[in-house]
Amino acid sequence: AAARQVMASAGYCTLITNGEDGRPQARTMDPFSPEPELTVWMATNAASRKVDQIRKDPRVTLHYSDPRNAGAVTILGDAERVSDPAEKARRWKPGWSRFYRDENRGPDYLLIRVRPLRLEVVSEPHGLPGDPLTWRAAVVDFR
C-alpha cells in the first residue's frame with residue numbers, strides 16, 4: 001500500500017536501462033498505475049534508444065520519488081517490449097497524441113512492461129523511514 005501511494009503521488013518515474021557502453025541510462029517516463037502484482041506499463045517511441053537497450057538487456061530499474069511526502073520507490077525488474085495492437089489500444093493516454101505520428105497507435109507507439117523482481121520503499125507517512133543507521137529501505141522480494 002505504501003509503495004502504491006508513493007508511486008501515485010510521484011506520477012512520473014525514472015526508467016534506467018543499461019546503455020551500449022554498460023553505463024546506466026536514465027529518462028523520465030509517464031507510467032500507468034501499477035497492476036495488482038506491481039507490474040508497470042509505459043509507452044515509448046519504437047525507434048527510441050531505450051527499446052534497443054531493453055532488447056539487448058531486459059534488466060531495468062524504475063525509480064519514483066515523492067519528496068513532498070518523504071517517499072521513494074525503486075523497482076528492479078525485467079522489461080519486455082509489447083507491440084500487441086489490443087494492448088496498445090487499452091493503454092493509451094490522450095495527452096500522448098502529440099508524441100506519436102499515428103493517432104491509431106501505429107508502429108511508432110510501443111509499450112514497455114516491467115515485471116518486478118525486487119521493490120524498495122521509503123515512506124515516512126507509512127512508518128517506513130528506512131533504517132536509521134544504513135538508510136536501507138524496506139524490501140519486497142518477488143522471486
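Above this note sits the structure.
Residues numbered from 1 in each chain as written. Predicted model: local features only at pLDDT ≥ 70, side-chain atom pairs only at ≥ 80, totals over all residues. Heavy atoms only, no water.

**Looking at the pattern of salt bridges**
Thought 1: Tallied over the entire structure, the rule returns twelve salt bridges.
Thought 2: In this structure, D52 and K56 form a salt bridge, with 3.1 Å as the shortest nitrogen-oxygen distance. Linking D52 with K56, this pair stays in helix α2 (residues 49-56), spanning four residues, or about one helical turn.
Thought 3: For E80, the salt bridge is made with R115, and the minimal N-O distance between the two is 3.3 Å. Pair noted here: E80 is in strand β5 (residues 71-82) and R115 is in strand β6 (residues 109-123), with a separation of 35 residues, a long-range link.
Thought 4: Take R115: its relative accessible area is 42%, and that puts it in the partly exposed class.
Thought 5: Residues joined by salt bridges that share partners form a network here, namely E35, E87, R90 and R91. (Salt bridge = Lys/Arg side-chain N within 4 Å of Asp/Glu carboxyl O. Helix = DSSP H or I, 4+ residues; strand = E, 2+ residues; numbered from the N terminus. Buried < 20%, exposed > 50% of the residue type's maximum accessible area, 1.4 Å probe, protein only.)

**Thoughts on the packing of aromatic side chains**
Thought 1: The tally for this structure, following the rule as stated, stands at six aromatic pairs.
Thought 2: Between F32 and W96, the ring centres sit 5.4 Å apart and the planes meet at 80 degrees, which makes this aromatic pair edge-to-face. Remark: W96 occurs in the loop between α3 (85-90) and β6 and F32 occurs in the loop between β2 (24-29) and β3 (40-45); sequence separation between them is 64 residues. Both residues of the pair, F32 and W96, count as buried.
Thought 3: Measuring from centroid to centroid gives 6.2 Å for W96 and Y109, while their planes differ by 50 degrees, and the two rings are tilted. Placement of the pair is W96 in the loop between α3 and β6 and Y109 in strand β6, with a sequence separation of 13 residues.
Thought 4: Clustering of aromatic rings is evident, with ring pairs tying together F32, W92, W96, Y100 and Y109.
Thought 5: Here the basic side chain of R91 rests over the ring of W41, its NZ or CZ set 3.8 Å away from the ring centre.
Thought 6: It is K93 that lies over the ring of F32; its NZ or CZ is 5.1 Å from the centre. (Phe/Tyr/Trp six-rings, centres within 6.5 Å; stacked < 30°, edge-to-face > 60°. Lys NZ or Arg CZ within 6 Å of the ring centre and 35° of its normal.)

**Quick notes on the pairing of β6**
Regular strands show a simple pattern: their side chains alternate between the two faces of the sheet.
Thought 1: Summarising the sheet, β3 and β6 pair through six bridges and their orientation is antiparallel. Paired with A43 across the strands is L111, a residue of β6.
Thought 2: Of the pairings in the sheet, the one linking β5 to β6 comprises twelve bridges and is antiparallel in character. Counted as the bridge partner of V73 is V121 from β6.
Thought 3: Two strands pair when backbone bridges link them, and β6 and strand β7 (residues 138-141) are joined in this way by four bridges, in the antiparallel orientation. (Pairing = 2+ DSSP bridges.)

**Focus on the side chain of K88**
Thought 1: When you line up the elements, K88 lands in helix α3.
Thought 2: Salt bridges are absent for the buried K88, whose nearest opposite-charge side chain, D108, sits at 6.8 Å.
Thought 3: Here the side chain of K88 touches Y109 through a polar contact of 3.0 Å, landing on its backbone oxygen. (Lys, Arg positive; Asp, Glu negative; His and termini not counted. Polar contact = N/O pair within 3.5 Å; in protein donor to acceptor, adjacent residues only side chain to side chain.)

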